[in-house]
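# Structural description and commentary
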Amino acid sequence: MRTYRGLLHFYPAAFRAEYGEEMCAIFSQRLRLASGFARLGVWIAVFFEVLFNALAVHFDILWQDLRYTGRALRRAPGFAITAILVTALGVGANTAVFSLTDHVLIRPLPFPQSDRLVKLWERLPGYSEMEPSPANYRDWKKMATAFEGMGAFTTTAVNLVGQGDPQRLEGAAMTADVLPTLGITPLFGRTFTEADDREGAPPTMLLSYGLWQGLFGSDPTVIGRKLLLDDRPYLVIGVMPREFRFPGPEIEFWTAAQFAESAFQDRSDNSLEVVARLRPGVTLEAARAEMSVIAGQLERQYPKDNTKVGAVALSMRDELSNKSRLLLWVLMGAALCVLLIACANVANLLLARALVREKELAVRAAMGAGRERLVRQLATESLVLAVLGGLLGVVVAFAGLPLLVKLVPTSLPISQAPSLDLRVLAFAGILTLLTGTAFGVLPALRIGRRAGLNGLREGARAGGGRKGWLRAALVVAEVSVSIVLLVCAGLLMRALLRIQAVDPGFRADRVLALKTALPMPKFRKTEVRAAFYNRILTEVRRLPGVVDAAYIGGLPMVWGGGIWPVSVNGEVRERVAAYTASMRYITPGFFGAMTIPLHQGRDVSDTDTVDRQYAAVVSDSFVQKYWPHENPLGRHFQFALHDRLVVGVVGDIHVRGLEGLSEPQVYIPYRQVLDGNFTFYAPRDLVVKGSTNPAGLLPAIRQIIRDADAQQPVSDVRMLSDVVDSQTAPRSIQLRVVGVFAAIAFLLAAIGIHGLLSFAVSQRTPEIGVRLALGARAGDILGMVMRQGTSLAVAGVVPGIVLAYAAGHAMQSVLAGVEPADALTFASATVLAIVMTVAGSFLPAMRAVNVDPLQAMRAE
Amino acid sequence: MAIKNISTMAIMEVMSDKLPEPESLLPLPAATFHILMSLADEDRHGYAIIQDVAARTDGELKLSAGTLYRSIQRMLEQGLLVEVRERPAPELDDERRRYYRITPYGGLVARAEGRRLTQLVRLAKASGFAPGRA
């Protein structure tokens, strides 16, 4: 019998209380009639019968409550719409940000068992993740046992000719082990074999899905065709799946790496990226331990190159700068704040409404509705509001998502656009239910406790006095959270302004940049390249409105590589960050076109040729480092395999971007390089400084290039100022998002204060009437209401500031040196909070002042 | 004051909840119709209803306790039944038992259902799906 009573708990309590005893009686009679084996049958039947009927009873109640809710909300459309909109904002903001965070940080990478994929890096003093050299990679692969596969790749760019206009394509050259290590097979065709990867083998290539669609219109017979990449014919052997974006989303083709034996000579040729797959059961820690043992062995074996060169293994999922990661968490935190405020706001609305409805509920209680029933009804109402808000929130998220797309870092092998898929919708659903519960439970429990006959008593005043504390607490919380958001937005804005104020060292305005690819081996000879540069530059300089033009190998802020060790007076130093510089080959006129000041000596010159002393122009910080307080002109240093003579000194530029430090710069004359050497560094980027915006010159420049070499594609056309702006683009988007969140939070908090005070004023109308009748002045009444508002604000601002300081600390590393306790920001946020309080209290205060004493007392 | 008006409205609404047209409840769930039939001639308690329905249908339909009380609850809300306060003589009574009586409105609804079924049987006969003549 006890079992049956237990089963009855599936029914709602009220139903159980009403019919439970009788049901037990009936059941015991039924059990008495059955005997032996039949009893078991009765039990089984009863079990399913109870489940089914209990569900049906619950459903009946739900249906009733839903209809009742529909009626109740239709009677209070203003309340319903406000609650739904506020919820939609909260859920929408979180859903949009979650879809981004999930896409970038949480979701597994699109490879089988991607948690076992790692990237391997060299670690040098000053460089925590340095690309490994081919020789070290080969030794790691030979010695390591922690991995079941290891492969290396580099990214590359080639000219494609023979398929319409010449095109620049981005691709990756990979060893044959990369795809098996990733666990990816082609959509059709085959992957690279060891034979394809051998030096001198006929070149083969895999197409990306996008390139296959674009170039060949998804022609399935593409396998076996040949494409001319940099004048070499490549055999197409396969097409990769649509979702395969490796190492990044911009890659359009893959070729076999085909390392030459000579590539394994120089252990300081840091040019590879290495991916590996952990053996099943091997932890990342174990792999790291093994790699550091291996690095130690290589250090002893090759002391010249490998001193202090470590080896690190990082999970591929973590291939993301801490800054990008923190940026996303900041957004997520900000969105969560919006949701908290939204919850507090709707809870407050519901509380106010519940107080107003006290009598209605009391009537229902008097007519036999139990407390459980009332609570259930109110919970249904909250959930209906939440679900409607949640649905609208998904729409908000969908609309807001395009704003966030630019925050997806390009360093991950994932698509550039997060999607609102089932996973995100499930998140939104759970969030909605939590939201509904959060704002619904408090009011429901409160009413459940209070719904008694008391509510019916004539003149009973709803929501007076001490019960108001809960609503006041919610408003205080709203103020606190909005302060946190305001301060975060303020700090981020200060950081952005500070970074934007950084002088890049060059003037980016009115500079047009573009790339001509100069495919090898066609441009292998230095003088062939020189002829090309001179022809282009001479004609471009002749165009009207051109101030200067020059070529460089690698634009600042676009390419941060080309880092070489420096030695002065033959002193061999360890390969550490403190003694490196970035190398760039340039043509004369580069400093003029970029407005980089020449402080001493001269520019590189056309007469700096291979048969003369190798010259170099260095930057101020280079001089500071090696010859402080001395005249650097005429000094020698050893750099990039040659002895070089300092002929000029220029200002420093931010090669690696506005944030963070850059190595000193060494500029080398474009003609001082032997044929076929350093072709990777050959100047390919044309910069043109105009007296006005040079964008209009582009057609003429293209024509000049076409006339010089019809097969030369022009790519990466951009204004240099856009390059500089793109440095801060993720930040400014982030700031905009946090700013919008802060504005919403702020508005909601103001509405919260306004709502609370309005309610208080309407409750106190008779009291105010009496006060006025007794001779209180309007100023007193005004002060009374404003004081209440101000005390709410103060109570919220104080904890808000403490929380904001903690939040600022947590995001310190994205603040670019702005103090988390930045006084200006905190002061501004506080002032805004005060303004908000005054604005929120003003209308209720005016209403209080305008109370007519006679009417107020008559109503009582 | 606004508050007073709202509460008065709430009361008014509950009081004046008009009973819907009997036809709007049709077709009745089988259990509901059987319970109404069982209560047609006398007030009964729950177990008596189960037994009566079983007897009427020669044991075809054995209502479970859950189905019975779920139906009863809904029928009470719909106004088809009321619970009666009068109890039988104490020696026949079990104080746990509740007795139910059909309301005039319940009678109307049952009759409407009866009409609906008769009509249906007539149609079935005309189509040759039921024994007898149309």
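Residues numbered from 1 in each chain as written. Chains lettered and ligands numbered in written order. Predicted model: local features only at pLDDT ≥ 70, side-chain atom pairs only at ≥ 80, totals over all residues.

A separate point is the overall build of chain A. When you go through chain A residue by residue, the secondary structure sums to 24 helices and 22 strands. Over its C-alpha atoms chain A spans a radius of gyration of 36 Å, topping by over 25% the 29 Å that the globule rule assigns to 860 residues. With the principal axes as the frame, chain A shows a C-alpha extent of 110 × 90 × 55 Å. Split into buried and exposed, the 860 residues of chain A put 44% on the buried side. A separation of at least 24 residues holds for 83% of the contacts in chain A among residues at least 6 apart in sequence. (Helix = DSSP H or I, 4+ residues; strand = E, 2+ residues; numbered from the N terminus. Rg over C-alpha atoms; globule rule 2.2 N^0.38 Å. Buried ≥ 20, exposed ≤ 12 C-beta atoms within 10 Å, placed from the backbone. Contact = placed C-beta atoms within 7 Å.)

Residues and elements named next belong to chain B. Here we have 3 strands laid out as an open sheet, ordered 1-3-2, and antiparallel in their pairing. Since the sheet does not close on itself, it has two edges, and those belong to strand 1 (44-45) and strand 2 (81-84), each with one partner. In this structure, strand 2 lies alongside strand 3 (residues 99-102), joined through 4 bridges in antiparallel fashion. Within strand 3, the residue paired with Val 82 across the bridge is Arg 101. (Pairing = 2+ DSSP bridges.)

Below, the discussion takes up the domain arrangement of chain A. It is common to report an interface's size as the accessible area lost on association of the parts. Residues and elements named next belong to chain A. Parsing chain A into structural domains produces domain 1 (7-75), domain 2 (76-110 + 322-462), domain 3 (126-307), domain 4 (469-501 + 722-860) and domain 5 (518-712). Once you take the C-alpha centre of each, domain 2 and domain 4 turn out to be 21 Å apart. Between domain 2 and domain 4, the residue contacts involve 26 residues of the former and 31 residues of the latter. Among the secondary structure elements, those contributing two or more residues to the side of domain 2 that touches domain 4 are helix 4 (77-106) and helix 11 (322-356). If one sorts the elements of the side of domain 2 that touches domain 4 by residue count, helix 11 sits on top with 19 residues. The residue inventory of the side of domain 2 that touches domain 4, partitioned by class, reads 20 nonpolar, 3 polar and 3 charged. (Domains from an automatic or database assignment. Nonpolar A, V, L, I, M, F, W, Y, C, P; charged D, E, K, R; others polar.)

The next subject is the pairing of strand 3 (residues 147-161) of chain A. Residues and elements named next belong to chain A. Pairing geometry for strand 3 and strand 10 (residues 273-278), over 6 bridges, is antiparallel. When the sheet's bridge partners are listed, Gly 151 is paired in strand 10 with Val 275. Inspection of the sheet shows strand 3 paired to strand 4 (residues 167-174) by 8 bridges, in the antiparallel sense. Among the inter-strand pairings, Val 158 is bridged to a residue of strand 4, identified as Leu 169. Where strand 3 folds back onto strand 4 in an antiparallel hairpin, the turn is made up of 5 residues, including Gly 162, whose phi is positive at roughly 95 degrees. For strand 3 and strand 7 (residues 226-229), the ladder comprises 2 bridges, and the chain directions are antiparallel. The residue of strand 7 that forms the bridge with Leu 160 is Leu 229.

For the rest of this paragraph, the subject is the nonpolar core. Residues and elements named next belong to chain A. Counting residues in each nonpolar core, the largest one holds 105 residues, and the members touching the most others are Val 338, Leu 485, Cys 488, Val 738, Phe 741 and Ala 745. With 21 residues, the single largest contributor to this core is helix 11. Shared between two domains, this core holds at least three residues of each, these being domain 2 (76-110 + 322-462) and domain 4 (469-501 + 722-860). Apart from the residues within four sequence positions on either side, Val 338 is in contact with Leu 89, Gly 90, Ala 93, Phe 741, Ile 744 and Ala 745. (Core = buried A, V, L, I, M, F, W, Y, C linked by C-beta atoms within 7 Å.)

Attention now goes to the packing of helix 4 of chain A against helix 11 of chain A. A pair of packed helices is characterised by two quantities: the angle between their axes and the separation of those axes. Residues and elements named next belong to chain A. Running from amino to carboxyl end, helix 4 crosses helix 11 at an angle of 160 degrees, the nearest separation of the two axes being 9 Å. In terms of their interaxial angle, helix 4 and helix 11 are classed as roughly antiparallel. Regarding helix 4 and helix 11, the two cross each other, and that crossing is left-handed. (Axes fitted to C-alpha atoms, helices over the stretch in contact; angles between N-to-C directions. Parallel < 35°, antiparallel > 145°, perpendicular 65-115°, else oblique. Left-handed = near helix turned anticlockwise from the far one by under 90°.)

Residue and element names in this part refer to chain A. Interhelical geometry of helix 22 (residues 778-810) versus helix 23 (residues 823-849) gives an angle of 150 degrees and a closest axis separation of 8 Å. For the element pair helix 22 / helix 23, the angle class is roughly antiparallel. Crossing geometry of helix 22 relative to helix 23 is assigned as right-handed. Between helix 22 and helix 23, the contacting residues are Ala 778, Ile 781, Leu 782, Val 785, Met 786, Gly 789, Thr 790, Ala 793, Val 797 and Ile 801 on the first element and Phe 826, Thr 830, Ala 833, Ile 834, Thr 837, Gly 840, Ser 841, Pro 844, Ala 845, Ala 848 and Val 849 on the second. In terms of residue class, the contact of helix 22 with helix 23 is made up of 15 nonpolar, 6 polar and no charged.

A few words on the confidence of the model for chain A. Averaged over every residue, the pLDDT of chain A is 85; residues scoring 70 or more account for 96%. In the predicted structure, residues 455-466 of chain A sits below a pLDDT of 50 and forms 19 contacts with residues beyond four places in sequence or in another chain. (pLDDT = per-residue confidence, 0-100.)

Once that is clear, we can look at the environment of Pro22(B). Residues and elements named next belong to chain B. One can find Pro 22 in the loop between helix 1 (2-15) and helix 2 (30-38). Spatially, the C-alpha atoms of Pro 22 and Gly 106 are 8.4 Å apart, while their sequence positions differ by 84 residues. Pro 22 has contacts with Leu 108, Val 109 and Ala 112, leaving out every residue within four places of it along the chain.

Residues of helix 5 (residues 134-143) of chain A that are buried include every one of Pro134(A), Ala135(A), Asn136(A), Tyr137(A), Asp139(A) and Trp140(A), and no others. The elements touched by buried residues of helix 5 of chain A are strand 1 (117-124), strand 3, strand 10, helix 9 (284-301) and strand 11 (310-315) of chain A.

Residue and element names in this part refer to chain A. Where helix 21 (residues 765-773) is concerned, the buried positions are Thr 765, Ile 768, Gly 769 and Leu 772. Taken around the axis of helix 21, the buried residues stretch over an arc of 105 degrees, which confines them to a single face. Just downstream of helix 21 lies Gly 775, where phi reads positive at about 105 degrees. (Arc of directions from axis to C-beta.)

All names here are of chain A. Following Phe 246, the chain continues to Pro 247 via a peptide bond in cis, the omega torsion being -5 degrees. Among the secondary structure elements, Pro 247 is positioned in the loop between strand 8 (232-239) and strand 9 (253-256). Positive phi values are uncommon outside glycine, yet Lys 308 reaches one of about 65 degrees. Within the secondary structure, Lys 308 is located in the loop between helix 10 (303-306) and strand 11. For Ala 816, which is not a glycine, the phi torsion comes out positive at approximately 50 degrees.

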